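Summary of the model geometry
Spelled out, the chains give:
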Amino acid sequence: MATPNVHPSKSQQLLRRERRIFSVSDDNSMMKQIQSTHAPDDRVVDVKPILQIIENVLRHVTPNIDRALNAADQGHIDGFDDRASLAAIDGMLEALAFIVHKISCEISCKCSGGGDAHSTTMALLNMLSSYSWDAKVVLTLAAFSVNIGEFWLIVQLCTTNSLAKSVALLKQLPDILEHSHNLKPQFDALNNLIKAMMDVTKCIVEFTELPSQYILSDVPPMSIAMAHIPTAAYWTMRSVVACASQIASLVGLKHEHITATSEAWELSSLAHKVSSIHDHLQKLLRQCYQHIDEKKQAEAYEGLAHSFGTPQLDNLKILIKLFSLGKEDPQNALLGPDKTKVHMDVLRRKHVLLLISDLDISPDEIQVFEVLYKYERVSSELNYEIVWLPIVDMSTWNDGHQQKFLNLQSIMPWYTVHHPSIIEPAVIKYTKEVWRFVKKPIVVTLDPQGKVTCPNALNMLWIWGNTAFPFNTETEESLWKTQAWTIELLVDGLEANLHTWMKQQKVICLYGGEELDWIESFTSETKKVAQALGIGLEMVYVGKNNARERVRKITGFINEKQLSHAWQDGTIWFFWNRLESMLFSKTRHGKTNETDVIKQEVMTLLGYDGSEHGWAVFFLGSIEMVRAKGDKALSSMQSFETWEYLAREMGFMPALRKYLEGIAEDHHCTRLILPGISGGIAERVVCAECGRPMEMYFMYRCCVD
């Protein structure tokens, strides 16, 4: 192939000039120069379809030189197969064809003639002064895509197509196929720069698409981004000029000159700068999205609060806001009891109990709910449903959390969300700020119109079960009015033999603690007293709160030595949780232990449990009761001979009470340990032993039992 006498130093001189200008910082004078070219009018260019075509062109030439040389002609524009889309794009491009051609000519002329890169870029900016920044960049890229696309078409077809071969001969293009190995560094650098250019362009376009109702252009972080976009546009367009210069430099080159690497170095340096610009824009874009998300969540929160405060015809609107906020299809948000997707319509006009918890909800809690929901609810024909609303931090979500969620979901016989990710941050915020969810599960009840009838009905469910239906505050208050402190209230249905023992007029002793010596001594001495008096006695070990493993060992010890009856783990857990629920319920209704007997007795038992020692409470019949801390209870049994005459004269219970009242106690230390529930306990709590105000301390507990 004959070649004209074109000296190869032309491109090297151009790139050396590029190196000098590239070293110039983006100072204020340069920024003013760039900004001075910007005089946009009202014209609007939909750049997204154009950008998609540009990507389609560049995808064939940028992956690597071998793939570019061997790329197959697909025969259609990817992503625009339907005629309507093609027609719309064709009409838009027809209006822009002249400016794209004009830019293409400007680039080709200046780059072929050895023009200065900065001057060429400024000429392009002046030419495009009436367009927005995103349109300037996209139209410049479109012109470059035309140039590089034509170049590669000739290179690809020149070995098989006579027309392409003739054009290549006239352009004096080197045999790129033959010298692809030597050209690889240049084209790799070219590919990297083109990729960086596309990344920045997409970023600039993405900024223009941000919803203006959530982020204003004159308020940070958007205002900061807007200040950086002109610089980003300038360096992207200048990179186009550099790429075009690289392609133009191949024209007329002889094969002995195509091994130079200075061009590759220059392009790589430029790619590094443009990539840095992209990283900075991405950081600003993330800040913008965070700002938008915060605005959206604030709007969603206000919308949720407004919906709860507005009377509704039914509960469907409220449920959709809770479980999808309009984003998730209501048909896919929930799984039914059979674990198939159900539409939220199945909950319309029903009482709904929102079970709100994290993934640490205990199997004991699920088991109690299962009894209430699956058996008692059905047998009582109550019109309510339970929906599990798991509150999790999706930013830390992993495979372990996913498996834990699926395990919990599989054992829940009620409605659940199909995945925690559908619970929006606004809903999570509402559960914490309004319903005061912290860690311990709560149950928020909604009536058939979606009105919150109780912000936490868990206490009601634990105390009375389905008797408290429809689980509203009025029902709770009404039930307390008819309730007295009895062994039935304390034990509920936890002891199957309770009513039989009561009919037999036996003394029933409930005791707790974790000191084995005290347990063995107390049960032994108490049995001796009962035997001496000839009275029926049943003793039941009710364990200790939040000490499952230790209590399990004690229960095994008691059963092995046949010291007394001993409840199983789940029963012990429920016993103490019911007591806590009674306290929270009474406190929420403004009751104090100075005036409310039930609250006073509950706090006494919880105080006993908070100590390190044992305790005992004796019942005869439904309401006759005597209680004592461990040391007093044991010493009274050991000193039975001193009050035996009273017991034979007055009876066991009155005599024991009188004896205990006569024991002077110079010192006591009562501790009341309760789970952290925001707003669950009043600021002022008095001691159940002496009536003085108790001091409040914070305790952080981690007990791997």
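Note that the structure is a prediction, hence the values are computed from the model and not measured.

**A look at the overall build of the chain**
What the chain contains, in helices and strands, is 26 helices and 12 strands. When each of the 705 residues of the chain is scored for burial, the buried share is 50%.

**Quick word on the confidence of the model for the chain**
When pLDDT is averaged along the chain, the result is 83, and 81% of the positions lie at 70 or above. When mean pLDDT is compared element by element in the chain, strand E9 (residues 537-541) scores highest at 97, while helix H1 (residues 9-22) scores lowest at 43. Across residues 254-259, where pLDDT falls below 50, the model places 10 contacts with residues more than four positions away in sequence or in other chains.

**Considering the packing of helix H24 (residues 630-638) against helix H25 (residues 640-650)**
Where H24 meets H25, the closest approach of the two axes is 6 Å, and the angle between their N-to-C directions is 75°. The angle between H24 and H25 falls in the class roughly perpendicular. In contact with Ser636, Met637 and Gln638 of H24, H25 contributes Phe640, Glu641 and Trp643. Within the contact of H24 with H25, the residues separate by chemical class into three nonpolar, two polar and one charged.

**Re the side chain of glutamate 385**
Its location among the elements puts glutamate 385 in strand E4 (residues 384-390). Side-chain polar atoms of glutamate 385 contact the side chain of lysine 350, separated by 3.3 Å. Reaching out from glutamate 385, the side chain makes a polar contact with the side chain of tyrosine 373 at a distance of 2.5 Å.

**Let's talk about the pattern of salt bridges**
Scanning the model with the defined rule gives 25 salt bridges in all. Across the pair lysine 506 and glutamate 538 runs a salt bridge whose closest N-O atoms are separated by 2.7 Å. Taken together, the positions of lysine 506 in the loop between helix H19 (498-503) and strand E8 (507-512) and glutamate 538 in strand E9 put the pair 32 residues apart, joining distant regions of the chain. Each of the two residues, lysine 506 as well as glutamate 538, counts as buried. Between lysine 561 and glutamate 520 there is a salt bridge whose closest N-O contact spans 3.3 Å. Linking lysine 561 in helix H21 (residues 548-561) with glutamate 520 in helix H20 (residues 516-533), this pair joins segments that are 41 residues apart in sequence. Classification of lysine 561 by relative accessible area gives partly exposed; the value is 44%.

**Observations concerning the pairing of strand E6 (residues 442-446)**
Burial analysis of E6 places five of its five residues in the buried class, which makes it a mostly covered element. Across the two faces of E6 the burial is the same, with Ile442, Val444 and Leu446 and Val443 and Thr445 all buried. Looking at chain direction, strand E3 (residues 351-357) and E6 are connected through five bridges and run antiparallel. Paired with leucine 353 across the bridge in E6 is threonine 445. Across two bridges, the pairing between E6 and strand E7 (residues 452-454) is antiparallel. Bridging across to E7, leucine 446 finds its partner in valine 452. The loop that links E6 with its antiparallel partner E7 comprises five residues; one of these, glycine 450, has a positive phi angle of about 85°.

**What to know about the packing of aromatic side chains**
According to the stated counting rule, one finds 33 aromatic pairs in the structure shown. Between tyrosine 384 and phenylalanine 471 the ring centres are 5.3 Å apart and the planes differ by 90°, which places this aromatic pair in the edge-to-face class. In this pair, tyrosine 384 is assigned in strand E4 and phenylalanine 471 in the loop between helix H16 (458-464) and helix H17 (473-481), connecting sequence segments 87 residues apart. Residue classification places tyrosine 384 among the buried residues on the basis of a relative accessible area of 1%.

**A word on the nonpolar core**
Membership of the largest hydrophobic core comes to 131 residues, with the highest contact counts inside it found for Phe323 and Phe522. When residues of this core are assigned to their parent elements, the largest contribution, eight residues, is made by helix H22 (residues 569-588). The contact partners of phenylalanine 522, leaving out residues within four places of it in the chain, are Cys509, Tyr511, Met539, Ala616, Phe618, Ala633, Leu634 and Met637. Counting residues in each nonpolar core, the second largest holds 80 residues, with Ile34, Leu96, Leu139 and Cys203 among its members.

**Comments concerning the sheet that holds E4**
Spatial ordering of the open sheet is given by E2-E1-E5-E4-E3-E6-E7, a layout of seven strands whose pairing is mixed. Strands at the two margins of the open sheet, each flanked by one partner only, are strand E2 (341-342) and E7. Across the sheet, helix H14 (residues 399-411) lies against strand E1 (334-335), E4 and strand E5 (415-417), angled at about 175° from E4, the strand it touches most.

**Describing H14**
When the terminal C-alpha atoms of H14 are compared, their 19 Å separation across 13 residues agrees well with the 18 Å that a helix rising 1.5 Å per residue should span. Among the residues making up H14, those that are buried are Phe405, Leu408 and Gln409. Seen along its axis, H14 keeps its buried residues to an arc of 100°; they face one direction. Turned more than 90 degrees away from the buried face of H14 sit Asp399 and Ser410, all of them exposed. Where H14 is buried, its residues meet E1, helix H13 (363-380), E4 and E5. Its side-chain oxygen 3.0 Å from the backbone nitrogen of glycine 400, asparagine 398 forms the N-cap of H14.

**Some words on the packing of H17 against H22**
Across the interface, H17 lies against H22 with an axial gap of 11 Å and an inter-helix angle of 105°. Here H17 is positioned roughly perpendicular relative to H22, judged by the angle of their axes. Judged by residue contacts, Thr473, Glu476 and Trp480 of H17 engage Met582, Ser585, Lys586 and Arg588 from H22. The class makeup of the residues in the contact of H17 with H22 is two nonpolar, two polar and three charged.

**A word on the sheet that holds strand E10 (residues 565-566)**
With mixed pairing, the five strands of this open sheet are ordered in space as E10-E9-E8-E11-E12. Every interior strand has two partners, whereas the edge strands, E10 and strand E12 (624-629), have only one. Here five bridges tie E8 to E9, and the two strands are oriented parallel to one another. Each residue of the ladder has a partner; that of isoleucine 508, found in E9, is glutamate 538. The sheet contacts of H24 involve strand E11 (615-620) and E12, and relative to E12 the element is tilted by about 110°.

**Observations concerning unusual backbone geometry**
In the segment running from proline 220 into proline 221, the intervening peptide bond is cis, with an omega of 5°. Along the chain, proline 221 turns up in the loop between helix H9 (180-208) and helix H10 (222-248). With omega at 10°, the peptide bond leading from phenylalanine 469 into proline 470 counts as cis. Structurally, proline 470 can be placed in the loop between H16 and H17.

Thresholds, definitions, all that
Residues numbered from 1 in each chain as written. Predicted model: local features only at pLDDT ≥ 70, side-chain atom pairs only at ≥ 80, totals over all residues. Heavy atoms only, no water. Helix = DSSP H or I, 4+ residues; strand = E, 2+ residues; numbered from the N terminus. Buried < 20%, exposed > 50% of the residue type's maximum accessible area, 1.4 Å probe, protein only. pLDDT = per-residue confidence, 0-100. Contact = heavy atoms within 4.5 Å. Axes fitted to C-alpha atoms, helices over the stretch in contact; angles between N-to-C directions. Parallel < 35°, antiparallel > 145°, perpendicular 65-115°, else oblique. Nonpolar A, V, L, I, M, F, W, Y, C, P; charged D, E, K, R; others polar. Polar contact = N/O pair within 3.5 Å; in protein donor to acceptor, adjacent residues only side chain to side chain. Salt bridge = Lys/Arg side-chain N within 4 Å of Asp/Glu carboxyl O. Pairing = 2+ DSSP bridges. Phe/Tyr/Trp six-rings, centres within 6.5 Å; stacked < 30°, edge-to-face > 60°. Core = buried A, V, L, I, M, F, W, Y, C linked by side-chain atoms within 4.5 Å. Expected span 1.5 Å × (residues − 1). Arc of directions from axis to C-beta.

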